[in-house]
Amino acid sequence: LNLNLESFDSIVAFLEKVHGEKFERIIILIGSVTSRDYFEIQYEEIAEYYRTYLTNLNYLFTRLIPLLEVDGNILLMSSRAASNPSFDAHYSAVKAGLEGFVRSSARVLSALQSAVTVSSGLILNSSMYQGMEESVRQSHEERAQGKLLELEEAGRLIWGLTPIKTIGYSGKTMRIGPDY
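Each value, and the rule that gives it
- Residues numbered from 1 in each chain as written.
- Predicted model: local features only at pLDDT ≥ 70, side-chain atom pairs only at ≥ 80, totals over all residues.
- Heavy atoms only, no water.
- Phe/Tyr/Trp six-rings, centres within 6.5 Å; stacked < 30°, edge-to-face > 60°.
- Helix = DSSP H or I, 4+ residues; strand = E, 2+ residues; numbered from the N terminus.
- Buried < 20%, exposed > 50% of the residue type's maximum accessible area, 1.4 Å probe, protein only.
- Expected span 1.5 Å × (residues − 1).
- Pairing = 2+ DSSP bridges.
- Core = buried A, V, L, I, M, F, W, Y, C linked by side-chain atoms within 4.5 Å.
- Contact = heavy atoms within 4.5 Å.
- Salt bridge = Lys/Arg side-chain N within 4 Å of Asp/Glu carboxyl O.
- Axes fitted to C-alpha atoms, helices over the stretch in contact; angles between N-to-C directions.
- Parallel < 35°, antiparallel > 145°, perpendicular 65-115°, else oblique.
- Left-handed = near helix turned anticlockwise from the far one by under 90°.

S.K.: I'd like a description of the packing of aromatic side chains, backed by residues and values.
M.R.: Taken as a whole, this structure holds two aromatic pairs when the rule is applied. Ring centres 5.1 Å apart and planes at 55° place the aromatic pair F8 and Y59 in the tilted group. A residue pair is termed long-range when its members are at least 10 positions apart, and F8 in helix α1 (residues 8-18) and Y59 in helix α2 (residues 43-64) qualify at 51 residues. Look at F8 and you get partly exposed, because its relative accessible area is 40%. Overall, Y59 belongs to the partly exposed group, its relative accessible area being 26%. Centre to centre, the rings of F61 and F101 are 5.2 Å apart; their planes meet at 70°, and the pair counts as edge-to-face. Placement of F61 in helix α2 and of F101 in helix α3 (residues 89-105) is noted, with a sequence separation of 40 residues between them. The class for F101 is buried, based on a relative accessible area of 17%.

This is the structure:
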């Protein structure tokens, strides 16, 4: 299922679709954070950035947790930028905030549920990637050795690389990919 975190209406529509369902595993891939020039970004853009990827995601999480099965888990794909230097300080701050939010959210889950951040050095072929400056995109292409992943491929990879039972990892960040 797809949803647009930038649109509260999209979040509400998504939650209506899944209302009453139970899930063993929910994977949230965020691949469209748009990179901004650090010195030219406007206040409104910063506020929108954080509202979309922290406030809206917080709301979504609080509504998804009750939909987890007794031993279910939520996996939120983040980026190596949360703990490593990035071309965009605002992007890194949002990703670090997401990891902190998942850590805090893990405390409200039952003893058998888990919330885990999956931090990845994988390069996704996303609107964010397409919107990067040419020099930044070229640097990422070299690091990825020309192997960009589509969002669906990344979801399948995360699904395959993470254990079904993540209890011992709740609130933690699992790091995968070539940079770890």
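S.K.: How would you summarise α3 if you had to cite specific residues and measurements?
M.R.: When the terminal C-alpha atoms of α3 are compared, their 24 Å separation across 17 residues agrees well with the 24 Å that a helix rising 1.5 Å per residue should span. Residues of α3 that are buried: H90, Y91, S92, V94, K95, L98, E99, G100, F101, V102 and S105.

S.K.: Provide a residue-level description of the environment of L109, including the pertinent values.
M.R.: Assignment of secondary structure puts L109 in the loop between α3 and β3 (114-120). For the pair L109 and G171, spaced 62 residues apart in sequence, the C-alpha to C-alpha distance is 9.9 Å.

S.K.: Hey, could you go over the pairing of strand β2 (residues 68-79) for me, with residue numbers and the actual values?
M.R.: Of all 12 residues in β2, nine are buried; the element is thus mostly enclosed. The pairing of strand β1 (residues 23-29) with β2 spans six bridges and is parallel. Among the inter-strand pairings, F23 is bridged to a residue of β2, identified as L68.

S.K.: Can you explain the nonpolar core? Please cite residues and give values.
M.R.: The tendency in soluble globular proteins is for nonpolar side chains to be buried as a group. In terms of nonpolar packing, the biggest core is built from 24 residues, with L15, I28, L57, L60, F61, L64 and I74 touching the most fellow members. Only α1, β1, α2, β2 and α3 provide two or more residues apiece to this core. If one sorts the elements of this core by residue count, α2 sits on top with six residues. Beyond its immediate stretch of four places on either side in the chain, I28 contacts L57, L60, F61, L64, I74, L75, L76 and M77. Counting residues in hydrophobic clusters, the runner-up holds five residues, among them L75, L149, A154 and I158.

S.K.: Any details on the pattern of salt bridges? Residues and values, ideally.
M.R.: Evaluation of the coordinates by the stated rule reveals one salt bridge. Between E48 and R51 there is a salt bridge, and its shortest N-O distance comes to 2.8 Å. Of the two residues, E48 and R51 both sit in helix α2, three residues apart, roughly one turn of that helix.

S.K.: Account for the side chain of T52, naming residues and giving values.
M.R.: Looking at where T52 falls in the secondary structure, it is placed in helix α2. Taking the relative accessible area as the measure of exposure, T52 reaches 1% and is therefore buried. Residues within four places of T52 in sequence aside, it is in contact with L5, E6 and L57.

S.K.: If you had to explain the packing of α2 against α3 to someone new, which residues and values would you point to?
M.R.: Between α2 and α3, the least distance of the axes is 11 Å, while the angle of their chain directions is 20°. One way to sum up the angle between α2 and α3 is to call them roughly parallel. As for how α2 packs across α3, the hand of that crossing is right-handed. Here α2 contributes I46, Y49, Y50, Y53, L54, L57, N58 and F61 to the contact with α3, which in turn contributes H90, Y91, A93, V94, G97, L98, F101, V102 and S105.

The values reported here are purely geometric and, on their own, carry no functional implication.
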